[in-house]
Amino acid sequence: MLIRAVSEDDMPQIMDLWNAMIRDTTATFTTLEKTKADLNALRADRQDAFLVAEVQGRIAGFVTWGPFRSGPGYAQTAEHTIITAEPRQGVGRALMDAAMTQAKRQGLHVMIGGISGENPSAIAFHQRLGFAMAGQLSQVGRKNGRWLDLILMSKPIEAP
């Protein structure tokens, strides 16, 4: 497995992974699928905060992170998105380890995960990585005709 910075050539596979999650799950609350323009803008905005896992020439997953909230008081806190093609293959852990290392070099202090309450495997994954429960926002999302809870998890990033 190779963990590396995202490239333009990765965008179609990333779009497929992300849009499948949007269409087929409540792991994300959005119903708006990502377009090529969306992903190219995100890649341009997050050149140093967008990594992929490549396995045998295919994208097995990706992680990206950006501002948690606007304003200077939150400048050292980031929220991440991680999606893998196949669970329990070590891809997610490898991506998050690389992301935390990169975030540390960027001077970030805390990484946040916003996780659907209907995604207990993602909650368990983050707990295994040392993320702690930071809060639950009840019924703040709506998808597929249901109200969904948002679980916030956080992990301090060690100082360089």
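As shown above, the structure is provided for reference.
Remember, it's a predicted structure, so these values are computed and weren't measured experimentally.

1. Points about the nonpolar core
Counting 25 residues, the largest nonpolar core has Val63, Trp65, Leu95, Met96 and Met111 as the members making the most contacts within it. If you list the elements that add at least two residues to this core, you get strand 2 (50–55), strand 3 (58–67), strand 4 (77–84), helix 3 (91–105), strand 5 (110–116), helix 4 (120–128) and strand 7 (146–156). Here this core gets 6 residues from one element, more than from any other, and that element is helix 3. The contacts of methionine 96, once residues within four sequence positions are left out, are Val63, His80, Ile82, Phe125, Leu129 and Phe131.

2. Here we look at the sheet that holds strand 2
Taken together, the 7 strands give an open sheet; going across it, the order is 1-2-3-4-5-7-6, and neighbouring strands pair in mixed fashion. Only two strands of the sheet have a single partner each, and these edge strands are strand 1 (2–5) and strand 6 (132–143). Direction aside, neighbouring strands of the sheet carry axes that sit 25° apart on average. Running over the sheet, helix 3 touches strand 1, strand 2, strand 3, strand 4, strand 5 and strand 7 and is turned about 35° from strand 3.

Definitions and cut-offs
Residues numbered from 1 in each chain as written. Predicted model: local features only at pLDDT ≥ 70, side-chain atom pairs only at ≥ 80, totals over all residues. Heavy atoms only, no water. Core = buried A, V, L, I, M, F, W, Y, C linked by side-chain atoms within 4.5 Å. Buried < 20%, exposed > 50% of the residue type's maximum accessible area, 1.4 Å probe, protein only. Helix = DSSP H or I, 4+ residues; strand = E, 2+ residues; numbered from the N terminus. Contact = heavy atoms within 4.5 Å. Pairing = 2+ DSSP bridges. Axes fitted to C-alpha atoms, helices over the stretch in contact; angles between N-to-C directions.

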